[in-house]
Amino acid sequence: MTDRAGECTTIPADRVERWDDAADVVVVGCGSAGASAAIEAVEAGADVLVVDRASGLSGTTTLAGGVIYLGGGTRVQVANGIEDTPEAMFDYLVANTPEPDEAKIRIYCEQSASHFDWLVDHGVPFSDEYYRGKHHMPEEPICLMYSGNEKAWPISERAPAAPRGHKAKAQGEAGPTIVHRLAETAERVGARVEYDTQVTNLVVVERGAVVGLRSVIFGEERFVAARRGVVLAAGAFSMNKEMVAEYCPSLAKRGVHRQGNPNDDGAAIQMGVAAGGRAIHMEKAFVTSPFYPPESLIKGILVNKHGKRFINEDCYHARTMDTAFNQPDGIAYLICDETTFGRPELGMQPLIDAWETIEEMERDLGLPEGSLEETIARYNEFATTGQDLDFHKHPDWMAPIATAPFAALQCSVGESYYVGFTLGGLDVSVDAEVLGGDGEPIAGLYAAGACASNIAQDGKGYSSGTCIGEATFFGRRGGRHAAQRV
């Protein structure tokens, strides 16, 4: 295996002189996807070995807030009187996804409530508390929240709105809690887990089926046979500069912090491609720069270098800021007045300055003469009537920008702080089977989590919790399918 983007090789089984270990199912990676696959495989009767490159629990989920996108009538939704159906959830996710795989989305929605129960039964805790405000991540151990574009136009016209973000119970970020609980359960039910193990190649037979892997532990080469299948769950490629530059250049821009753990280097994707799989949506990324809380800032407006609005500012921050990220020259400003101004909680958008008049602000920002004054005058008319004729912002988040001083917060690429991670990965079936260029499954090879492409495809349509939701759900399906494979 090399460090070049996308380059990797397989090893023919007839060249393996010895097998140092064997299991029915071998899972590569012990994050939320890998642990879920291991649990399901063990409970389906398989002997399971999990190998992970890190020295202890890690994985992409450990860096996350710990929200899981679930709906259709979960325990927490019912406890709070929220009416939701699998069909409404399906309509929402399809409306948000550029190239929706409707079979995957439908089964995810139909089994979403039962998946919540499965997570609870396997150690992931949730409270029944409901956060009714608008926040990127409530600090308290609150569970239910709106974590996407459910209430924002145009999605609100395509599907009934319901809060579906389920944050695991923890003070602050709950991603580590999810991984720890699932990994503990995997070991408790009988999976063997080995750390400090770097998988470098898949082993295949002549007809292309995957039958094992090569790994290195403290410099020692080992070959492990997989009697029924290998499940790749080893993360994204966000931390591989060469792969990001080649496949996802938006994340290589100045001012974008790539989120991931050091082992998110795309190795699983490379191994899958080497075995005949194909990678899809590799150019897609989640890119955001949360500007709220405080919620009052949502009542401001975002403008580009031409002094024009470009979106309804009450969208989920990933949709709003992904759109800002792609404005001409990456330039965007958040404009507010004395009544709506606040310092962004995360501090990602520095205050440029404050002015007594819109004209002075317009001049100092270098916007076309009269452009900002015209934009604000039009917006103030909408705020007065409660109807945003341009972008359909909800009246709850509209207020005239009329009280001096007027402030501008920097939202431009390279001048403010954006964070992002890759969303592309191996093409897989509803049972996490890695698919080849002909669309047929590669025997014995599965992928789940950040190295696979399932529901989440871009930032504009993203809802917090989608990645952990699909990682655990399709990880389970992959582990079970592999365990039952003859």
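Residues numbered from 1 in each chain as written. Predicted model: local features only at pLDDT ≥ 70, side-chain atom pairs only at ≥ 80, totals over all residues. Heavy atoms only, no water.

A. Just the overall build of the chain, in detail. The number of helices and strands found in the chain is twelve helices and 22 strands. Expected size for 486 residues packed as a compact globule is a radius of gyration near 23 Å; at 24 Å, the chain falls within 12% of this value. Among the 486 residues that make up the chain, the fraction classed as buried is 60%. Nonlocal contacts in the chain, meaning residues at least 24 apart in sequence, comprise 74% of its contacts between residues at least 6 apart. Taken as a whole, the chain presents about 18,400 Å² of accessible surface, with 47% of it coming from carbon and sulfur. The average position of the 42 basic charges and that of the 69 acidic charges among the side chains of the chain differ by 3 Å. (Helix = DSSP H or I, 4+ residues; strand = E, 2+ residues; numbered from the N terminus. Rg over C-alpha atoms; globule rule 2.2 N^0.38 Å. Buried < 20%, exposed > 50% of the residue type's maximum accessible area, 1.4 Å probe, protein only. Contact = heavy atoms within 4.5 Å. Areas by Shrake-Rupley, 256 points an atom, 1.4 Å probe, with all protein chains shown as cover. Lys, Arg positive; Asp, Glu negative; His and termini not counted. Charge placed at Lys NZ, Arg CZ, Asp CG, Glu CD.)

B. Representation of the sheet that holds strand S12 (residues 279-280) in the model. One open sheet accounts for three strands, arranged S12-S19-S22; its pairing is mixed. In the strand order of this sheet, the two ends are held by S12 and strand S22 (452-453), each with one partner. Pairing of strand S19 (residues 425-427) with S22 involves two bridges; the strand directions are parallel. Note on S22: the bridge partner recorded for Leu426 is Ala452. (Pairing = 2+ DSSP bridges.)

C. Examining the nonpolar core more closely. Membership of the largest hydrophobic core comes to 64 residues, with the highest contact counts inside it found for Leu202, Val230, Leu232, Tyr418 and Leu445. With residues near it in sequence (within four places) discarded, Val230 still touches Val26, Val28, Leu202, Val210, Gly212, Leu213, Gly444, Leu445 and Tyr446. Val25, Ile105, Cys143 and Ala186 belong to the second largest nonpolar core, which has 55 residues in total. (Core = buried A, V, L, I, M, F, W, Y, C linked by side-chain atoms within 4.5 Å.)

D. A look at the sheet that holds strand S13 (residues 285-288). Read across the open sheet, the three strands follow the order S11-S18-S13; overall the sheet is mixed. Edge positions in the sheet fall to strand S11 (256-258) and S13, since each of these pairs with one other strand and no more. Between one strand axis and the next, the sheet turns through 25 degrees on average, direction left out of account. Direction of pairing for S11 relative to strand S18 (residues 418-422): parallel, over a ladder of three bridges. If you follow Arg258 over to S18, its bridge partner there is Gly420. (Axes fitted to C-alpha atoms, helices over the stretch in contact; angles between N-to-C directions.)

E. Examining unusual backbone geometry more closely. The omega torsion across Trp153 and Pro154 is 5 degrees, close enough to zero to call that bond cis. If you trace the backbone, Pro154 turns up in the loop between strand S5 (144-145) and strand S6 (165-167). Geometrically, the link from Pro293 to Pro294 is a cis peptide bond, its omega value of 10 degrees lying close to zero. Tracing the backbone shows Pro294 in the loop between S13 and strand S14 (301-304). Here the phi dihedral of Asp196 falls at roughly 55 degrees; this positive angle occurs in a residue that is not glycine. As for its position among the elements, Asp196 is in the loop between strand S7 (192-194) and strand S8 (198-204).

F. Fine view of a negative patch on the surface. A surface patch of negative charge is lined by Glu139, Glu140, Glu173 and Glu345. The topology assignment puts Glu140 in the loop between helix H5 (112-121) and S5. (Patch = residues over 30% accessible without salt bridge, like charges linked within 9 Å, V, L, I, M, F, W, Y side chains within 5 Å. Salt bridge = Lys/Arg side-chain N within 4 Å of Asp/Glu carboxyl O.)

G. Spatial organisation of the environment of Thr197. Locating Thr197 in the fold gives a position in the loop between S7 and S8. The buried category is assigned to Thr197, whose relative accessible area is 3%. In sequence terms Thr197 and Glu221 are 24 residues apart; their C-alpha atoms lie 9.9 Å from each other. Sequence-distant contacts of Thr197, that is, excluding residues within four places in its chain, are made with Val51, Asp52, Arg53, Ser215, Val216 and Ile217.

H. Structural detail: the pattern of salt bridges. Within the structure shown, the criterion is met by 24 salt bridges. Residue Asp24 pairs with Arg228 through a salt bridge whose shortest N-O separation is 3.9 Å. Here the residue Asp24 occupies a position in strand S2 (residues 21-28), and Arg228 occupies one in strand S10 (residues 220-232), the gap between them amounting to 204 residues. A salt bridge links Glu40 to Arg476; its shortest N-O distance comes to 3.2 Å. Of this pair, Glu40 sits in helix H1 (residues 32-43) while Arg476 sits in helix H12 (residues 466-483), and the two are 436 residues apart along the sequence. By relative accessible area, Glu40 is classed as buried at 10%. Within the structure, one salt-bridge network assembled from shared partners comprises Asp21, Asp24, Asp47, Arg192, Arg227 and Arg228.

I. A look at helix H3 (residues 86-96). Burial in H3 covers these residues: Ala88, Met89, Phe90, Tyr92, Leu93, Ala95 and Asn96. Taken together, the buried residues of H3 touch strand S4 (67-69), helix H4 (102-110), H5 and helix H9 (317-325).

J. Looking closely at the pairing of S18. Judged by how many residues are buried, S18 sits mostly within the fold: five of five residues are covered. Side chains Tyr418, Gly420 and Thr422 project from S18 onto one buried face, and the interleaved Val419 and Phe421 project onto a second face that is buried too. Pairing geometry for S13 and S18, over four bridges, is antiparallel. Bridge pairing in S18 links Thr288 to Val419.

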